[in-house]
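Each chain, written out:
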Amino acid sequence: MQYLRLDLQFFSGEKTEKATPKKREDSRKKGQVLKSQDVTSALVILCVFLFLFFAAPFFRERVFHFFEFTFTELVSTPSITKDSIMLVYIQILMKMAVILLPVFIVSIIAGIGANLMQFGFLFTTEPLKFDLKKIDPIKGLKRIFSVRAIVELLKSILKISFIGSVTATIVMINIEKVLGLAFKTPAETLLTVAKLVGIMGIIAAFVLLFISVLDYFYQKYDYEKNLKMSKQDIKDEYKNMEGDPLIKSRIKQTQREMAMRRMMQEVPEADVVITNPTHYAIALKYKDGEMDAPIVVAKGVDFVAQKIKMIAKEHDIVMVENRPLARAMYDEVEIDQAVPEQFFKAVAEVLAYVYRLKRKI
């Protein structure tokens, strides 16, 4: 029996259960979300190369204008001074910004879009906090010699193989154009090289996108695996959210005891107690002119019913046996609630009997 108990304790610590919504929300707040970096990289590369491919005339004009400006206006600068050098530096930065800024903007938009597509909007500073565990050498070695490290190595080999194959295939298909570059003008050479590079970049981006989809599913599997909880984790989370069940049950028991005491304190104020006679007891109070209908001040079954009858006897409260009425009112009327209309006739007969009995006394 002792071995069985130890085995059960061992298995209770295994993380076999799916993560609860709270665990997922807590992980998200810490910056731990389902994300494939390859998806982001592939989409950024694809968007940038597509932009460069279709915006090539704009960039060609800007680059030619930059070189024209450099070899004409800058060379003709009359004197080299501190002010003239700063002016040249600012002009060059502005010319380069016109060329590079659109590429940066496309890259930023593509990167943000890829992340939003994967895990939505999230802003947290939790990953930036200093944590000694991140520089733990033992954990660092575990990360190096882990399944994740092997998967990353295989992905890198796959990327190099696929992209190398794509590049070599495109070059072989256009081998005549490549060999003929030696006989072309610089402008024609640049145009041919730019087209080949653009095609290579776009196709390589699609290859990376295919690999990134596979990586996304792996990251999803790994993410769900790391989020898994043990049965004990779920119990602890429930305790933290809802409170200890033992404490909650004690609180409820205390509340029931307090409600019972308040109810018993109302019994001496009742006008009549309707009984089953042994299982049910309903205490009614009615003040003519102040109440529209009699009110149930106490009710109970078995032990509570006997307690109500005992208090009623101690305070000379009239008890009337009416089995169907007691049972029906117990089921349909709550404490401090007025008697419903369907019971008016039966209750009126009981109260009339009580008043006649009191007048005789």
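Residues numbered from 1 in each chain as written. Predicted model: local features only at pLDDT ≥ 70, side-chain atom pairs only at ≥ 80, totals over all residues. Heavy atoms only, no water.

Colleague: So what exactly am I meant to see when it comes to the overall build of the protein chain here?
Modeller: For the protein chain, the helix and strand inventory stands at 14 helices and four strands. Split into buried and exposed, the 361 residues of the protein chain put 29% on the buried side. Sequence separation of at least 24 residues holds for 75% of the intrachain contacts in the protein chain that already meet a minimum separation of 6. (Helix = DSSP H or I, 4+ residues; strand = E, 2+ residues; numbered from the N terminus. Buried < 20%, exposed > 50% of the residue type's maximum accessible area, 1.4 Å probe, protein only. Contact = heavy atoms within 4.5 Å.)

Colleague: Please explain the environment of phenylalanine 67 as it appears in this structure.
Modeller: Positionally, phenylalanine 67 belongs in helix 4 (residues 56-74). A residue is classified by how much of its surface remains accessible, and phenylalanine 67, at 42% relative accessible area, is partly exposed. The spacing of phenylalanine 67 and lysine 95 is 28 residues in sequence and 9.9 Å in space, taken between C-alpha atoms.

Colleague: Just checking my understanding: could you explain the pattern of salt bridges for this structure?
Modeller: Pairing of side chains with opposite charge becomes possible as their charged atoms draw close. Under the counting rule described, the total for this entry stands at seven salt bridges. The salt bridge involving aspartate 215 is made with lysine 155; its shortest N-O contact spans 2.6 Å. Within this pair, whereas aspartate 215 is found in helix 9 (residues 186-227), its partner lysine 155 is found in helix 7 (residues 147-173), the two being separated by 60 residues in sequence. A residue is classified by how much of its surface remains accessible, and aspartate 215, at 3% relative accessible area, is buried. Classification of lysine 155 as buried rests on a relative accessible area of 9%. For arginine 323, the salt bridge identified is with glutamate 321, shortest N-O distance 3.5 Å. (Salt bridge = Lys/Arg side-chain N within 4 Å of Asp/Glu carboxyl O.)

Colleague: Can you walk me through the packing of aromatic side chains in this structure?
Modeller: The description of an aromatic ring pair uses the distance of the two centres, along with the angle that the planes make with each other. Under the counting rule described, the total for this entry stands at five aromatic pairs. Aromatic side chains phenylalanine 58 and phenylalanine 59 sit 5.3 Å apart centroid to centroid with 80° between the ring planes, which places their arrangement in the edge-to-face category. With a relative accessible area of 37%, phenylalanine 58 lands in the partly exposed category. Phenylalanine 59 sits in the buried class, given a relative accessible area of 9%. For the ring pair tyrosine 216 and phenylalanine 217, a centre distance of 6.1 Å and an interplane angle of 75° mean the geometry is edge-to-face. (Phe/Tyr/Trp six-rings, centres within 6.5 Å; stacked < 30°, edge-to-face > 60°.)

Colleague: How should the sheet that holds strand 4 (residues 318-321) be read in this particular structure?
Modeller: Each strand in a sheet pairs with another by means of backbone hydrogen bonds, the pair being arranged parallel or else antiparallel. An order of 3-2-1-4 is seen for the four strands of this open sheet, with the pairing classed as mixed. At either end of the open sheet lies a strand with only one pairing partner, and these are strand 3 (295-301) and strand 4. Sheet twist, expressed as the mean angle between neighbouring strand axes with direction ignored, is 20°. The pairing of strand 2 (residues 280-285) with strand 3 spans six bridges and is antiparallel. Each residue of the ladder has a partner; that of alanine 281, found in strand 3, is glycine 300. (Pairing = 2+ DSSP bridges. Axes fitted to C-alpha atoms, helices over the stretch in contact; angles between N-to-C directions.)

Colleague: Can you walk me through the UniProt feature "transmembrane region" (unreviewed entry) in the protein chain in this structure?
Modeller: UniProt's entry tags residues 39-59, 96-124, 145-173 and 193-218 with the feature "transmembrane region" (unreviewed entry), counted in the numbering of this structure. Helix makes up 95% of residues 39-59 and strand makes up 0%, while its end C-alpha atoms are separated by 27 Å. (UniProt positions renumbered as here; feature names shortened; annotations may be inferred.)

Colleague: Sorry, what's going on with the pairing of strand 2 here?
Modeller: Residues in a regular strand project their side chains so that they alternate between the two faces of the sheet. Buried residues dominate strand 2, accounting for six of its six residues. On strand 2, burial covers both faces: Tyr280, Ile282 and Leu284 on one face and Ala281, Ala283 and Lys285 on the other are all buried. Relative to strand 2, strand 1 (residues 272-275) runs antiparallel, the two being bridged by four bridges. Paired with threonine 275 across the strands is alanine 281, a residue of strand 2.

Colleague: Explain unusual backbone geometry here, please?
Modeller: With glycine set apart, most residues show a phi of negative sign, and most peptide bonds adopt trans. Even without being a glycine, aspartate 316 presents a positive backbone phi close to 60°. Mapping aspartate 316 onto the fold places it in the loop between helix 12 (303-314) and strand 4. We note that aspartate 336 has phi near 70°; this positive angle belongs to a residue other than glycine. On the secondary structure map, aspartate 336 appears in the loop between helix 13 (323-332) and helix 14 (344-360). Overall, aspartate 336 belongs to the exposed group, its relative accessible area being 60%.

Colleague: Is there a simple way to think about the nonpolar core in this case?
Modeller: Nonpolar side chains tend to gather and get buried jointly when the protein is soluble and globular. Of all hydrophobic cores here, the largest spans 18 residues; its most connected members are Ile274, Leu284, Met329 and Val347. Among the elements of the structure, strand 1, strand 2, strand 4, helix 13 and helix 14 are those that each provide at least two residues to this core. Ranked by the residues each element gives to this core, the list is headed by helix 14, at four residues. Among residues more than four places away in sequence, those in contact with leucine 284 are Ala270, Asp271, Val272, Ile274, Ile295, Val296, Val297, Met329, Val339 and Val347. Of all hydrophobic cores here, the second largest spans 15 residues; its members include Val267, Val273, Ala283 and Ala305. (Core = buried A, V, L, I, M, F, W, Y, C linked by side-chain atoms within 4.5 Å.)

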